[in-house]
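Examining the three-dimensional arrangement
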Amino acid sequence: REAFGRKATTLALGSWTTMVSTVEGRDKMMKVIQFSSRFMAWHCAARDPAAARRWTGLYKSSQEGRKSIRVLKALNKVDQLFDEVPALSTPYEKALVVAQQAGLAGHWHFDYLGHAHRAGFAERSHRELERIRRIPAFCWCVCNVAQILRGELALRNAAAEITRVRRDLEALGPRDGAEEADAQRDARVTALDEELRALRVQRFNGWVLLFKGVADMACAGNMPGPELRRRFPATFGWMNDGVVGAAGVFSALCACFNHFPSSGASVGGRQTEWQSNQTQRNAVGLAYGLVQLSALVGASRAAPGGAEAKAQ
């Protein structure tokens with residue numbers, strides 16, 4: 001509750017436009033579309049092959065669209081390393097951050113090289129291409145393992161600190177009637193309550209890190225290289241496109257939460273709080289969204305060969 005309370009309201013159009021105005025926010029919304037399409041292609045494969053092909057086309061186009069903007073994106077992770085590592089206190093924490101950020105940077109780097117080859121820009125031999133196709137998944141697996149361990153560490157630290165704060169609150173005892181002592185006690189209670197709320201947010205963020213890492217690991221395990229479902233069908237046969245699609249959507253929603261603006265934020269003049277004309281803004285935004293979705297759904301349900309029949 002505390003973690004969601006620190007985010008801007010989801011009922012304001014400005015909150016969403018602020019998020020998608022950032023590179024990461026827009027990328028994660030595209031990730032929702034990418035893995036939703038993958039799930040829908042799996043869902044429709046047996047009952048409606050034509051619809052499955054259309055969903056697969058949307059999945060692949062959104063996938064390549066995300067890859068196309070990853071040129072030099074690894075520099076973001078290099079920059080984050082210089083910001084995060086010096087602030088950490090233990091070598092273990094520093095090693096996890098380095099592994100997570102370097103793994104994701106490597107994933108983006110080699111993923112973009114593969115995209116450049118598919119675009120016809122960088123021609124490579126078959127052997128080189130096969131090697132490049134396998135590296136991104138292993139880099140992503142390193143990132144995900146580090147992310148899971150960071151989440152577990154955050155949960156462990158938060159649990160210990162929450163226990164300490166609760167013990168301090170219990171040790172304060174009841175008010176004794178002395179004005180000065182009661183004032184000091186109330187101030188201490190207020191400070192401990194605020195610390196407890198911050199620790200609950202830290203614990204929630206630890207769960208987000210942990211579950212997002214698990215979901216991303218399911219996606220990475222099906223990429224060229226690990227290919228867990230093909231290599232070990234008896235153990236990982238359940239990791240079909242439906243499971244991977246659902247895991248990818250969950251991971252994307254976790255990332256959207258992380259990049260959703262904080263309460264009171266304003267980026268580029270876009271307010272994330274409720275405004276006097278917010279109802280009108282939301283109504284126009286909803287109408288536009290419905291128009292675009294109906295156009296997409298209508299086109300996806302068009303009878304195969306309909307355009308050719310009309311032309312004849």
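Along each chain, residue indices are assigned from 1 in the same order as the chain's sequence is written. Only residues with pLDDT of 70 or above have their local features reported here, since the model is predicted, and side-chain atom pairs are shown and tallied only from 80 upward, although totals for entire chains, interfaces and linings are computed over all residues. The basis for the side-chain values is all heavy atoms of the structure; hydrogens and waters are excluded.

Describing the overall build of the protein
If you tally the helices and strands in the protein, you get 13 helices and two strands. Reported as C-alpha extents along the three principal axes, the dimensions of the protein are approximately 95 × 50 × 40 Å. Buried means the residue's accessible area, taken with a 1.4 Å probe over protein chains only, is under 20% of the maximum for its type, while exposed means over 50%, and partly exposed covers the values in between. Taking all 312 residues of the protein together, the buried fraction comes to 34%. Only heavy atoms matter for contacts: two residues are in contact if any of them lie within 4.5 Å across the pair. Long-range pairs, those at least 24 residues apart, make up 75% of the contacts in the protein between residues at least 6 apart in sequence. Charged residues are defined narrowly, with Lys and Arg counted positive, Asp and Glu counted negative, and His plus the chain ends left uncounted. For the purpose of locating charges, the reference atoms are NZ of Lys, CZ of Arg, CG of Asp and CD of Glu. Between the centroid of the 42 positive side chains of the protein and the centroid of its 30 negative side chains there is a distance of 10 Å. Secondary structure elements follow DSSP: runs of H or I no shorter than four residues count as helices, runs of E no shorter than two count as strands, and numbering proceeds from the N terminus.

As for unusual backbone geometry
Positive phi, close to 65 degrees, is recorded for Leu-72, a residue that is not glycine. By the element assignment, Leu-72 lies in the loop between helix H4 (49–68) and helix H5 (74–84). Take Leu-72: its relative accessible area is 64%, and that puts it in the exposed class. Positive phi values are uncommon outside glycine, yet Glu-227 reaches one of about 45 degrees. Locating Glu-227 in the fold gives a position in the loop between helix H8 (179–220) and helix H9 (228–231).

Observations concerning the state of the cysteines
Defined by distance alone, a disulfide is two cysteine sulfur atoms within 2.5 Å. Under the counting rule described, the total for this entry stands at zero disulfides. Among the cysteines around Cys-219, which has no disulfide bond, Cys-141 carries the closest sulfur, lying 11 Å off. Classification of Cys-219 as buried rests on a relative accessible area of 3%.

Some points on the packing of aromatic side chains
Working definition: a ring pair exists when centres of Phe, Tyr or Trp rings (six-membered ring for Trp) sit within 6.5 Å. Plane angles under 30 degrees give stacked, over 60 give edge-to-face, the rest tilted. Within this structure, the stated rule accounts for five aromatic pairs. Between Phe-204 and Phe-257, the ring centres sit 5.4 Å apart and the planes meet at 70 degrees, which makes this aromatic pair edge-to-face. Here Phe-204, found in helix H8, pairs with Phe-257, found in helix H11 (residues 241–259); they are 53 residues apart in sequence, far enough to count as distant. According to the relative accessible area criterion, Phe-257 is buried, its value standing at 14%. Over the face of the ring belonging to Phe-257 we find Lys-7, whose NZ or CZ atom lies 5.0 Å from the ring centre. Here Lys-73 stacks its cationic end above the ring of Trp-108, 4.2 Å away from the centre of that ring. Only Lys NZ and Arg CZ are tested; either one counts as a charge over a ring when it is within 6 Å of the ring centre and within 35 degrees of the ring normal.

Some points on helix H2 (residues 13–20)
Taken as a whole, H2 has its buried residues at Gly-14, Ser-15, Thr-18 and Met-19. Along the axis of H2, the buried residues cluster in a sector spanning 135 degrees; they form a single face. Within this analysis, the arc is defined by the directions that extend from the helix axis to the C-beta atoms.

So, the side chain of Arg-38
Looking at the secondary structure, you find Arg-38 in helix H3 (residues 23–44). Two N or O atoms form a polar contact when they lie within 3.5 Å of each other; inside protein one atom must be a possible hydrogen donor and the other a possible acceptor, and for residues adjacent in sequence the pair counts only when both atoms belong to side chains. At 3.1 Å, the side chain of Arg-38 forms a polar contact with the side chain of Asp-241.

Comments concerning the packing of helix H6 (residues 91–118) against helix H7 (residues 126–172)
With axes taken as lines fitted to C-alpha atoms, and helix axes fitted only over the stretch in contact, angles between N-to-C directions fall between 0 and 180 degrees. Axis separation between H6 and H7 bottoms out at 7 Å; the angle between their running directions is 155 degrees. Classified by the angle between their axes, H6 and H7 sit roughly antiparallel to one another. Classified by chirality, the crossing of H7 by H6 is left-handed. Three classes are used: nonpolar for Ala, Val, Leu, Ile, Met, Phe, Trp, Tyr, Cys and Pro, charged for Asp, Glu, Lys and Arg, and polar for all others, with Gly counted as polar. Each residue belonging to the contact of H6 with H7 can be placed in one class, and the counts come to 18 nonpolar, eight polar and three charged. Should an angle lie under 35 degrees it is considered roughly parallel, over 145 roughly antiparallel, and from 65 to 115 roughly perpendicular; all remaining angles are considered oblique. Throughout, a crossing is termed right-handed when the near helix is turned clockwise from the far one, and left-handed when it is turned anticlockwise from it by less than a right angle.

A few points about the confidence of the model for the protein
Interpretation of this model should avoid reading the predicted coordinates in detail wherever pLDDT is low. Per-residue pLDDT for the protein averages 85, and the proportion of residues at 70 or more is 90%. Taking the mean pLDDT of every element in the protein, the minimum, 44, falls on helix H13 (residues 306–311) and the maximum, 94, on H11. Throughout residues 306–312 the model reports pLDDT below 50, and contacts reaching past four residues in sequence, or to other chains, amount to zero contacts. Confidence of the predictor at the level of single residues is captured by pLDDT, which takes values from 0 to 100.

Some remarks on the environment of Ser-262
Mapped onto the elements, Ser-262 comes out in the loop between H11 and strand S1 (266–267). Residues Ser-262 and Ala-8, spaced 254 residues apart in sequence, show a C-alpha to C-alpha distance of 5.1 Å.

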